[in-house]
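# Survey of secondary and tertiary structure
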Amino acid sequence: MKTIKPFIVIFIVALVLSSCTSDGDDSPKIEENPMAEFNLLSNIEANGHSLELYSKGKKGFTTGYNEIFVRIKDNADASYFTDPEISWLPVMHMTSMNHSCPKSDLSITEENNTVSKGYLVFQMAGNTDEFWDITFTYIVDGQEYSLTETIDVVAPSDGKQKVSSFMGSDDVMYVLAMVEPSDPQVAVNDIQAILFKMENMMSFPAVENYTIALDPRMPSMGNHSSPNNVDLTFDAAAKSYNGKLSLTMTGYWKLNLRLLNGNGEVLKGEEVTDENEASSLYFELEF
Ligand SMILES: [Cu+2]
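Let me sum up the structure you'll find in this document. (Residues numbered from 1 in each chain as written. Predicted model: local features only at pLDDT ≥ 70, side-chain atom pairs only at ≥ 80, totals over all residues. Heavy atoms only, no water.)

Below, the discussion takes up the overall build of the chain. From N to C terminus, the chain includes one helix and 19 strands. The 287 residues of the chain split such that 41% are buried. Counted over contacts in the chain with a minimum sequence separation of 6, partners at least 24 positions apart contribute 56%. Total accessible area computed for the chain in this model is approximately 15800 Å², and 51% of it derives from carbon and sulfur atoms. (Helix = DSSP H or I, 4+ residues; strand = E, 2+ residues; numbered from the N terminus. Buried < 20%, exposed > 50% of the residue type's maximum accessible area, 1.4 Å probe, protein only. Contact = heavy atoms within 4.5 Å. Areas by Shrake-Rupley, 256 points an atom, 1.4 Å probe, with all protein chains shown as cover.)

If you want it as structure tokens, here you go:
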């Protein structure tokens, strides 16, 4: 019995500690701001509401992939609407024409039913004569509202190409954007990209089941490559193209790409050889 006693004591102490912890979890807690760690991009006041747009980290709207979080506040009592149905339409107003860009739906996050999440892929930046706006249409308390806000879309601060829009050899316009790595390491990184075709100026459906061949190179160091890269293939669950990107040192890397359709035909991009140092389809990163 003497040898068992310490275990019983430990067991009781553990039981008391764990019940304390779960009591804490069950008790009603003060509403924490779920966006405290996020960056407020825009606060749009209309219809007696405030529509708030957030990004992760410090960055604003940039060309390429933008993950965006949306909340709608009722200005009457400063509460946030739960489970709002929100759709969005980004439009670039160019001097010669208007066009949209690839986007996801906005859907409620699992973590908080006042926060919706989605992404936009801006294929070009605004300038002094040409600008982007986003029109939001949303239903709260059974009523539909809409509002439009002009936004500033700029090139990424590091100037590196994270999106490419191009004509394939099949005469289809495509938009290809890099999602990950957002924080590249000297390691084998997960690389994730999303691919769309331009059906018309306003519609950019996702393209599935193609392949994106990957050949990362360091142009400043004899255009050397790296081992253990894996081409990007379509992941139906993630609805994106996923592969492996091997970065053997820090610095500037050009990620040479080739887009292949379901029949293995190359739609864009060239193989890197001694004679051809880069593909016309690529992403860039520097870290
Ligand atoms: Cu444009």
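With that settled, the discussion passes to the pattern of salt bridges. Following the criterion strictly, the structure yields seven salt bridges and no others. With a closest N to O distance of 2.4 Å, Asp190 and Lys244 form a salt bridge. With Asp190 in strand β13 (residues 187-197) and Lys244 in strand β16 (residues 240-247), this pair connects stretches of sequence that are 54 residues apart. Among the salt bridges present, the one from Asp215 reaches Arg217, with a minimum N-O distance of 3.0 Å. For Asp215, a relative accessible area of 19% puts it in the buried group. Among the charged side chains, a network of salt bridges with common partners joins Lys56, Glu67 and Lys117. (Salt bridge = Lys/Arg side-chain N within 4 Å of Asp/Glu carboxyl O.)

Glancing now at the side chain of Ser50. Position of Ser50 among the secondary structure elements: in strand β2 (residues 49-56). The exposure class assigned to Ser50 is buried, which follows from its relative accessible area of 2%. Within the local environment of Ser50, its side chain forms a polar contact with the side chain of Asn75, the two groups lying 2.7 Å apart. Every residue in contact with Ser50, bar those within four places of it in the chain, is listed here: Asn43, Ile44, Glu45, Arg71, Ile72, Lys73 and Asn75. (Polar contact = N/O pair within 3.5 Å; in protein donor to acceptor, adjacent residues only side chain to side chain.)

On to the packing of aromatic side chains. Note on aromatic pairs: each is described by the distance of the centres and the angle between the planes. Applying the stated criterion to the full structure yields ten aromatic pairs. Taken together, the ring pairs connect Phe61, Phe122 and Trp132 into an aromatic cluster. (Phe/Tyr/Trp six-rings, centres within 6.5 Å; stacked < 30°, edge-to-face > 60°.)

Moving on to the pairing of strand β5 (residues 85-93). The pairing of β5 with strand β9 (residues 131-140) spans nine bridges and is antiparallel. Within β9, the position partnered with Leu89 by the bridge is Thr135. Inspection of the sheet shows β5 paired to strand β6 (residues 98-99) by two bridges, in the antiparallel sense. Its bridge partner being in β6, Met92 is matched across the sheet by His99. What sits between β5 and β6 in their antiparallel hairpin is a turn of four residues. (Pairing = 2+ DSSP bridges.)

This part is about the coordination of the copper ion. Each pair of donors in an ideal four-coordinate tetrahedral metal site encloses 109.5 degrees, whereas pairs in an ideal six-coordinate octahedral site enclose 90 or 180 degrees. Around the copper ion, the protein contributes the donor atoms Met92 (SD), Met94 (SD), His99 (NE2) and Met124 (SD), which lie 2.0 to 2.3 Å from the metal centre. Angles of 97 to 129° at the metal separate the four donor atoms of the copper ion, which places the site in the tetrahedral class. Spacing between the donor residues of the copper ion along their common chain follows M-x1-M-x4-H-x24-M. For Met92, a relative accessible area of 0% translates into the label buried. (Donors = N, O, S within 2.8 Å, 3.2 Å for Na, K, Ca; no water. Tetrahedral: all angles 85-135°; square planar, octahedral: opposite > 155°, others 65-115°.)

No statement about biological role is implied by the geometric values presented.
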